[in-house]
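The lines below spell out each chain.
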Amino acid sequence: MTVEASGITRRFGDAAALDGVDLTVREGELVALLGPSGSGKTTLLRVIAGLEGMDAGTLRIAGQDMAGVPARERGIGVVFQHYALFRHMKVADNIAFGLDVRPRATRPDRAEMTRRVAALLALVQIPDLARRYPDQLSGGQRQRVALARALAIEPRLLLLDEPFGALDALVRRDVRRWVRGLQERLAITTILVTHDQEEAMEMADRVAVMERGRIVQFDTPSALLDQPATPFVAGFIGDAARLPCRVEGGIARFDPLPVAPLPAAVPDGPATAFLRPSELLAEPGSGATVRLLRPQGGGDAHLVVEAGGLVLDARAAPGSTLARGDACHLVPRGGRVFPTAG
Amino acid sequence: MSAPFRSAAEDAPWARALLALAAITIGVVILALPLAAVFTEALRRGWGVLWAALAEEDTLAAIRLTLIVAAITVPINTIGGLAACWAIAKHDFPGKRLLVVLVELPFSVSPVISGLVFVLIFGAQGWLGPWLQARDVQIIFALPGLVLATIFVTFPFVARTVLPLMQEQGREEEEAAATLGASGWQIFRRVTLPNIRWALLSGILLCNARAMGEFGAVSVVSGHVRGMTNTMPLHVEILYNEYQFAGAFAVAALLALLGLVTLAAKTLLERRGRHA
């Protein structure tokens, strides 16, 4: 099931929550909408679900224009951030709800409904919880119920709004891998909203990075890391330090910081370099000081280095024997450089 | 020797005892004693006299009228109150704050004024008076006026009991139901209503208690025609003013009993609501 959004705009009062969003999701793909809070990712998801109107733009799902199609006719499964389980219904009734509200002509009979619920409970691996109420379940179990309930209507598209946010860190990692496996097995087109880049990078085929109501880059996780389109993406994705520099003749120079020059294919002038810890090697030298040192085994170490008033994460250069308090300088092994605007 | 440990939020034993004593005293003197007095007074001359007093024609008419007014008022205020809650809690629209204030208006306005307003609109000298008179429609000093005044005074009960719960529950479950294909009515009946059912029943009971007991507003629009437009509270006053104490206390006891039954039912419901 494809999703094609173009020029979607949604205003709340004067503020534009969505400001001309274009997004195309391919059949069977898992796309993550990633961005800081207030970037419009949840609003975009709600517009696609039909829970929020749009002020401009068009939305097509499987080629069909969604203008004027209410949420209940879209056949989209939604897993809400806090799951929104029906608190007065047992788990089985929650899951059966989408089948039970169908008009009589298309509603499965009791036996078929029971069979479908049992199959879904087995699919989400909680076969014994059918008679429980939502408040008798753990967070992870509730999430599985919410997923089963959304899948019960055999949706052509699955929308997940921060689905792992309410789980603790250990459970979260397991559950998201399991969900990704399930999504692949069912081959269901899925859009996931998250502010956790690790989650987006691990789960998604492609990630749409959102900033202030726009999609600033839509690409595969590795492309986002290697070729960020804007300084915002370079700073937001990966764990990069932001260093001021000056580009002259294709070389970025960091004076007065004790950082060696870095080739940069940008016009001459002031610029900003984004360097990940793995790209910044500390060698014995002068100008910087090793403040903290965390051995990683095999002679490797993660360092925290203080240089010219900045505190930077770096790695020890291979073979170097730096200790806490040693003087050093830094050699960038790679990095992304953007001309400073204005 | 060390003093026994007391948690920070705990008051000294003498303070606790004093507060409890004060609360119990007020409860007994102000609340329980008068109620007991009503029943004692009503039964002083025995069940026979009580029964005879209640069986009097005008008294029976008053009881009947009170029940009719409540039977019309309570369903209207239940539906109206639910509609107001639904609109306020689940939707955004211009004038929403105004609606929230309007819902509470009857609580803050004196019931006498609530009654006077209807006289002003529908009375013989009122805005619509001549128009109504020409068509021979009687609102003031008749059942429609009693019902209107009672609806006005008791409107907040359902709305104020249900609204906080609905607002706390938010819209997520309704939205989930919509994405699963439920229609507006299905969402209301199968998701919203079950979530508020105990609060709603409790609001309905309170509304009913007040609808049967309302005096001020009803007094203004009633005209006090015995056997015709006298509700139970008005009838109690008339009997009392005529020194018919047996009758007055008999009707008062019945009215109080209705209130007590309502309160008991509400308490029971709230207990069930906590476990559901």
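Small disclaimer: the values here were computed from a predicted structure and weren't measured.

## Observations concerning the overall build of chain A
From N to C terminus, chain A includes eight helices and 19 strands. Seen through its C-alpha atoms, chain A measures out along the principal axes to roughly 80 × 45 × 35 Å. For chain A, the residues scored as buried account for 51% of the 342 residues in total. Taking the intrachain contacts of chain A between residues at least 6 apart in sequence as the baseline, contacts between residues at least 24 apart amount to 67%. Taking the average location of the 41 positive side-chain charges in chain A and that of its 40 negative ones, the two points are 6 Å from each other.

## Digging into the pairing of strand β17 (residues 310-316) of chain A
Residues in a regular strand point their side chains to alternate faces of the sheet. Residues and elements named next belong to chain A. With two bridges connecting them, strand β15 (residues 280-297) and β17 associate as parallel partners. Across the sheet, the residue bridging to L281 is R315, located in β17. Here six bridges tie strand β16 (residues 300-307) to β17, and the two strands are oriented antiparallel to one another. Residue pairing across strands places E306 opposite V311, the latter belonging to β17. Adjacent in sequence and paired antiparallel, β16 and β17 are bridged by two residues, among which G308 carries a positive phi angle near 55°.

## Observations concerning the UniProt feature "domain: ABC transmembrane type-1" (unreviewed entry) in chain B
Mapped onto this numbering, the UniProt entry gives "domain: ABC transmembrane type-1" (unreviewed entry) at residues 63-270 of chain B. For the annotated span residues 63-270 of chain B, helix accounts for 80% and strand for 0% of the residues, and the straight-line distance between the end C-alpha atoms is 28 Å.

## Describing a nonpolar patch on the surface
Residue and element names in this part refer to chain B. Together, I24, I26, V28, V29, I30, L31 and L33 line one region of the surface with nonpolar side chains, adding up to about 680 Å² of accessible area. Inspection of the secondary structure assignment puts I24 in helix α1 (residues 13-43). A residue is classified by how much of its surface remains accessible, and I24, at 54% relative accessible area, is exposed.

## As for the pattern of salt bridges
For the structure on display, the rule yields 31 salt bridges over all chains. Salt-bridge contacts for E184 of chain A lead to R180 of chain A; the nearest nitrogen and oxygen are separated by 3.1 Å. Separated by four residues within a single helix, E184 of chain A and R180 of chain A lie in helix α5 (residues 169-186), roughly one turn from each other. Residues K96 of chain B and D92 of chain B are paired through a salt bridge, measuring 3.1 Å at the closest nitrogen-oxygen approach. Given a relative accessible area of 60%, D92 of chain B falls into the exposed group. Through salt bridges that share partners, R10, R46, E52 and D55 of chain A together with E175 of chain B make up one connected network.

## Re the nonpolar core
All names here are of chain A. Grouped together as the largest cluster of nonpolar side chains are 47 residues, with contacts concentrated most on I95, L147, V179, V207 and I237. Ignoring sequence-local partners within four residues, the contact set of I95 consists of V117, L120, L121, V145, A148, R149 and A152. Grouped together as the second largest cluster of nonpolar side chains are 44 residues, A49, F80, I191 and I215 included.

## Topic: the interface of chain A and chain B
Contact residues are listed per partner, giving 22 residues for chain A and 18 residues for chain B. Overall, the association of chain A and chain B removes approximately 1,900 Å² of surface from exposure, summing both partners, and the carbon and sulfur fraction of that is 56%. It is R72, R87 and H88 of chain A in chain A that bury the most area against chain B; as a group they hold 31% of the surface buried on that side. Note that D100 of chain A is salt-bridged to R190 of chain B, the shortest N-O span being 2.6 Å. The tally of links between chain A and chain B comes to seven residue pairs in polar contact (both at pLDDT 80 or more). Put simply, the parts of the chain that give the side of chain A that touches chain B at least two residues each are β6 (76-79), α2 (91-100) and α4 (139-152) of chain A.

## Some words on the packing of helix α4 (residues 96-108) of chain B against helix α7 (residues 143-169) of chain B
Residues and elements named next belong to chain B. Their axes nearest at 7 Å, the elements α4 and α7 cross at an angle of 125°. The orientation of α4 relative to α7 falls into the category oblique. Crossing hand, α4 versus α7: left-handed. For the pair formed by α4 and α7, the contact residues are V103, E104, P106 and F107 on the first element and F152, V153, F155, P156, F157, A159 and R160 on the second. Residue composition of the contact of α4 with α7, by class: nine nonpolar, no polar and two charged.

## Some details on the packing of aromatic side chains
A complete count under the given rule lists ten aromatic pairs over all chains for this structure. An angle of 50° between the planes, with centres 4.6 Å apart, marks the rings of F86 of chain A and F97 of chain A as tilted. With F86 of chain A in the loop between β6 and α2 and F97 of chain A in helix α2, the pair connects residues that are eleven residues apart, well separated along the chain. The two residues F86 of chain A and F97 of chain A agree in class, both being buried. Their ring planes at 5° and their centres at 6.4 Å tell us that F118 of chain B and F122 of chain B sit as a pair that is stacked.

## Details of the sheet that holds strand β2 (residues 15-25) of chain A
Residues and elements named next belong to chain A. Reading across the sheet, the four strands line up as β2-β1-β4-β5 and stay open at both edges, with antiparallel pairing between neighbours. Either end of the sheet is taken by a strand with one partner, and the two such strands are β2 and β5 (64-65). As paired elements, strand β1 (residues 3-12) and strand β4 (residues 56-61) share five bridges and run antiparallel to each other. Bridge pairing in β4 links E4 to R60.

## A word on the environment of T73 of chain B
By the secondary structure assignment, T73 of chain B is in helix α3 (residues 57-90). Judged by relative accessible area, which is 0%, T73 of chain B ranks as buried.

## Considerations on the sheet that holds strand β13 (residues 262-263) of chain A
Residues and elements named next belong to chain A. In spatial order, the strands read β13-β12-β11-β14-β19; together these five strands make up an open sheet with antiparallel pairing. With partners counted over all chains shown, the strands left at the sheet margins are β13 and β19 (336-339), one partner each. Summarising the sheet, strand β11 (residues 241-248) and strand β14 (residues 269-275) pair through seven bridges and their orientation is antiparallel. Bridge pairing links V247 to G269 in β14.

## Here's the deal with the UniProt feature "transmembrane region" (unreviewed entry) in chain B
When the UniProt feature table is mapped onto this chain numbering, "transmembrane region" (unreviewed entry) sits at residues 18-40, 60-86, 98-127, 139-159, 198-223 and 243-265 of chain B. Between the end C-alpha atoms of residues 139-159 of chain B there is a gap of 26 Å, over a span that is 81% helix and 0% strand.

## Quick look at the domain arrangement of chain A
Residues and elements named next belong to chain A. Taken as a whole, chain A is organised into domain 1 (3-235) and domain 2 (240-339). Between the C-alpha centres of domain 1 and domain 2 the distance comes to 40 Å. Contact residues are listed per partner, giving eight residues for domain 1 and six residues for domain 2. Contact with domain 2 buries area across many residues of domain 1, yet L225, P231 and A234 alone supply 61% of it, more than any other trio. Counting across the interface, domain 1 meets domain 2 through zero salt bridges. Where domain 1 packs against domain 2, one counts one residue pair in polar contact (both at pLDDT 80 or more). Listing elements by their share of the side of domain 1 that touches domain 2, those giving two or more residues are α7 (221-226) and α8 (231-236). A total of three residues in the side of domain 1 that touches domain 2 trace back to one element, the largest contributor, which is α8.

About the criteria used
Residues numbered from 1 in each chain as written. Chains lettered and ligands numbered in written order. Predicted model: local features only at pLDDT ≥ 70, side-chain atom pairs only at ≥ 80, totals over all residues. Heavy atoms only, no water. Helix = DSSP H or I, 4+ residues; strand = E, 2+ residues; numbered from the N terminus. Buried < 20%, exposed > 50% of the residue type's maximum accessible area, 1.4 Å probe, protein only. Contact = heavy atoms within 4.5 Å. Lys, Arg positive; Asp, Glu negative; His and termini not counted. Charge placed at Lys NZ, Arg CZ, Asp CG, Glu CD. Pairing = 2+ DSSP bridges. UniProt positions renumbered as here; feature names shortened; annotations may be inferred. Patch = residues over 30% accessible without salt bridge, like charges linked within 9 Å, V, L, I, M, F, W, Y side chains within 5 Å. Areas by Shrake-Rupley, 256 points an atom, 1.4 Å probe, with all protein chains shown as cover. Salt bridge = Lys/Arg side-chain N within 4 Å of Asp/Glu carboxyl O. Core = buried A, V, L, I, M, F, W, Y, C linked by side-chain atoms within 4.5 Å. Buried area = accessible area lost by both parts, 1.4 Å probe. Polar contact = N/O pair within 3.5 Å; in protein donor to acceptor, adjacent residues only side chain to side chain. Axes fitted to C-alpha atoms, helices over the stretch in contact; angles between N-to-C directions. Parallel < 35°, antiparallel > 145°, perpendicular 65-115°, else oblique. Left-handed = near helix turned anticlockwise from the far one by under 90°. Nonpolar A, V, L, I, M, F, W, Y, C, P; charged D, E, K, R; others polar. Phe/Tyr/Trp six-rings, centres within 6.5 Å; stacked < 30°, edge-to-face > 60°. Domains from an automatic or database assignment.

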